[in-house]
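Next come the chains, spelled out residue by residue.
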Amino acid sequence: MTGQRQPGWLRVTDEAQPSGQPTAVVTVAGAAARTRRALFDTLTDALDLPGHFGGNWDALADVLADRLDAGPLTLEVTDAGLLLADELPGQLGTLLDVVGGVSAGAREPVRLVLRDTPQRLPALRHRLSAVLGGGGVAVPPGGAVR
């Protein structure tokens, strides 16, 4: 997977969040988002999503795009190896597709930061590689995707 182009909206890291980030950072725990339903519930609370949020991938894309009208957003997932861990692997891929699609069409930038411990990053890298089919997101061993 090395040598592949990195999408600017994704970062995979074990590093602490730098202070003074220029965008709003919304942090959610991967442990609280092990299923798609739990992810939608967690994002509803964290992003103060509107009551009409439909709780599906298309609705998430819509509300994220609407949220970006207010300015840039960084969505940080701690314990990222647990994110959607109780779902079929394709659900993580769908989340990445949604964020990538929103990023491509938004006026303001959106970033997804997947943060976990150095011990759990290899498993997360493996999941990302599997859902992306080895294309698009290179997650070098021992390094962060920025």
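A quick note: this is a predicted structure, and the numbers were derived from the prediction, not measured.

**Q** Please explain the sheet that holds strand β1 (residues 10-13) as it appears in this structure.
**A** Strand pairs in the sheet, formed through backbone hydrogen bonds, run parallel or antiparallel to each other. Read across the sheet, four strands follow the order β1-β4-β3-β2 without closing on themselves; strand pairing throughout is parallel. What marks the edges here is a single partner per strand, and that holds for β1 and β2 (24-29). On average, adjacent strands in this sheet sit at an angle of 20° to one another, irrespective of strand direction. Note: β1 against strand β4 (residues 110-115), four bridges, orientation parallel. Looking at β4, one finds that Arg11 is bridged to Val113. Against the sheet, helix α1 (residues 36-47) makes contact with β2 and β3 (73-78), and its axis sits at roughly 145° relative to β2, the strand it touches most.

**Q** What should I look at first to understand the pattern of salt bridges in this one?
**A** When charged atoms on two side chains of opposite charge get close, those side chains can pair. Enumeration according to the criterion identifies six salt bridges in this entry. For the salt bridge of Arg37 with Asp41, the shortest nitrogen-to-oxygen distance reads 3.1 Å. Of the two residues, Arg37 and Asp41 both sit in helix α1, four residues apart, roughly one turn of that helix. As a salt-bridge pair, Arg120 and Asp79 come within 3.0 Å of each other at their nearest N and O atoms. Here the residue Arg120 occupies a position in the loop between β4 and α4 (121-132), and Asp79 occupies one in the loop between β3 and α3 (90-105), the gap between them amounting to 41 residues. Accessibility expressed as a relative area gives 33% for Arg120, which makes it partly exposed. By relative accessible area, which is 28% here, Asp79 ends up partly exposed. Residues joined by salt bridges that share partners form a network here, namely Asp79, Asp116 and Arg120.

**Q** Would you mind showing me how to read the pairing of β3 here?
**A** Looking down a regular strand, the side chains alternate between one sheet face and the other. Taken across its six residues, β3 has five buried, putting it largely inside the fold. Strand direction decides the pairing type here: β2 and β3, joined by six bridges, are parallel. Note on β3: the bridge partner recorded for Val28 is Val77. By the bridge criterion, five bridges tie β3 to β4 in an arrangement that is parallel. The partner of Leu73 across the bridge, within β4, is Val110. For the crossover from β3 across α3 to β4, the handedness is right-handed.

**Q** I would appreciate a short explanation of the environment of Val63 in the present structure.
**A** Positionally, Val63 belongs in helix α2 (residues 57-68). Separated by 16 residues in the primary sequence, Val63 and Leu47 place their C-alpha atoms 9.4 Å from one another. Not counting chain neighbours up to four residues away, the residues in contact with Val63 comprise Leu49, Pro50 and Phe53.

**Q** When you look at the nonpolar core in this model, what are you seeing that I'm missing?
**A** One recurring pattern in soluble globular proteins: nonpolar side chains tend to sit buried together. Ranked by internal contacts, the top residues of the largest apolar core, which has 36 residues, are Leu60, Leu83, Leu95, Leu112 and Leu114. In this structure Leu112 touches Trp9, Leu10, Arg11, Leu75, Val77, Leu96 and Val99, once residues within four positions along its chain are discounted.

**Q** Where do I start with α2 in this structure?
**A** Each turn of an α-helix holds 3.6 residues, which means side chains three or four residues apart point in the same direction. For α2, spanning twelve residues, the distance from its first C-alpha to its last is 17 Å, which sits close to the expected 16 Å at 1.5 Å a residue. Turning to α2, its buried residues number three or more, namely Trp57, Ala59, Leu60, Val63, Leu64 and Leu68. Tucked inside the fold, the buried residues of α2 contact α1, β3, α3 and β4. Here α2 starts with a cap whose side-chain oxygen sits 3.1 Å from the backbone nitrogen of Asp58, and that cap is Asn56.

Calculation criteria
- Residues numbered from 1 in each chain as written.
- Predicted model: local features only at pLDDT ≥ 70, side-chain atom pairs only at ≥ 80, totals over all residues.
- Heavy atoms only, no water.
- Pairing = 2+ DSSP bridges.
- Helix = DSSP H or I, 4+ residues; strand = E, 2+ residues; numbered from the N terminus.
- Axes fitted to C-alpha atoms, helices over the stretch in contact; angles between N-to-C directions.
- Contact = heavy atoms within 4.5 Å.
- Salt bridge = Lys/Arg side-chain N within 4 Å of Asp/Glu carboxyl O.
- Buried < 20%, exposed > 50% of the residue type's maximum accessible area, 1.4 Å probe, protein only.
- Right-handed = clockwise from strand over helix to strand, strands pointing away.
- Core = buried A, V, L, I, M, F, W, Y, C linked by side-chain atoms within 4.5 Å.
- Expected span 1.5 Å × (residues − 1).
- Polar contact = N/O pair within 3.5 Å; in protein donor to acceptor, adjacent residues only side chain to side chain.

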